[in-house]
Amino acid sequence: MWHRLMMFVLLFVVGCGSIPTDSNSNVANGELVYVNDAWGFQISRPTSDWGISAQTFLQQRFDNGLPVVEVRVATPLNGSPGGSFRPELYLAPRSVSDGINIDALVVAFEENELKVIFEGYEALEDKQKIEIADGELVHWVFRNSPFFAPSVRFPGTRFLAVISVHKDQMYVMIGNGSQDEGFPVEDYRLIAQSLRFTSSN
């Protein structure tokens, strides 16, 4: 029960507040690749027009001793016709049991988190599993009900969910958007597929 609550709290709360300098990560010299040395992963943004930010919560740590980390990759400013609404892909690594089955994690994530955070949750496509350089990931598109208030943390009406597992690490990604203000789902998929693991963590 505590683990389920912790996962929900991290999705709903982490990311609020200002973004400090993250000493465990970098985007060197404006390059497209974001690297997190503590967790040992990297991910790429499509072009330098895309924004990227990272936040580390050193006082909050998982069972593997690593801190809570949140990365956001935001669409280009001129690519957001709605102005105030800027779609972004959220990424957060978590600690899980080494060797856990990715399919079991997907089911638990959908049932215990997505259906709690997004009222009227509805998957719009079958889950797809694809190979990446250092493993595999599962992704699918879903929506929330227009009859409920949208999520404060994840505004929008259309979303891409992505799950990847590397040893005792689970990588959660959610990309938001809407039919009226843009939903760059193919760009989100390319970003997700750029995930690489840079160490033996």
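Quick caveat: nothing in here was measured; it's all calculated off a predicted structure. (Residues numbered from 1 in each chain as written. Predicted model: local features only at pLDDT ≥ 70, side-chain atom pairs only at ≥ 80, totals over all residues. Heavy atoms only, no water.)

A. Representation of the packing of aromatic side chains in the model. All told, the structure shown has 12 aromatic pairs when counted by the stated rule. Ring geometry for Phe 41 against Tyr 171: centres 5.2 Å apart, planes inclined by 70 degrees, an arrangement best described as edge-to-face. With a gap of 130 residues between them, Phe 41 in strand E3 (residues 41–44) and Tyr 171 in strand E11 (residues 169–177) connect regions that are remote in the sequence. The pair formed by Phe 41 and Tyr 171 is uniform in burial state, with each residue classed as buried. Members of the aromatic cluster, joined through ring pairs, are Tyr 90, Phe 118, Tyr 121, Phe 142, Phe 154 and Phe 159. (Phe/Tyr/Trp six-rings, centres within 6.5 Å; stacked < 30°, edge-to-face > 60°. Helix = DSSP H or I, 4+ residues; strand = E, 2+ residues; numbered from the N terminus. Buried < 20%, exposed > 50% of the residue type's maximum accessible area, 1.4 Å probe, protein only.)

B. Highlighting the pairing of E3. Because side chains alternate across E3, one face comprises the buried residues Phe 41 and Ile 43, and the other comprises Gln 42 and Ser 44, none of which is buried. With four bridges connecting them, strand E2 (residues 33–36) and E3 associate as antiparallel partners. Looking at the pairing, Val 35 lines up with Gln 42 of E3. Hairpin connection, E2 to E3: the antiparallel pair is bridged by four residues, and Gly 40 has positive phi, about 80 degrees. (Pairing = 2+ DSSP bridges.)

C. Layout of the environment of Leu 66. Following the sequence through the fold, Leu 66 ends up in the loop between strand E4 (51–61) and strand E5 (67–74). Distance in space between the C-alpha atoms of Leu 66 and Trp 39 is 7.0 Å, their sequence separation being 27 residues. Sequence-distant contacts of Leu 66, that is, excluding residues within four places in its chain, are made with Ala 38, Trp 39, Gln 60, Arg 61 and Gln 169. (Contact = heavy atoms within 4.5 Å.)

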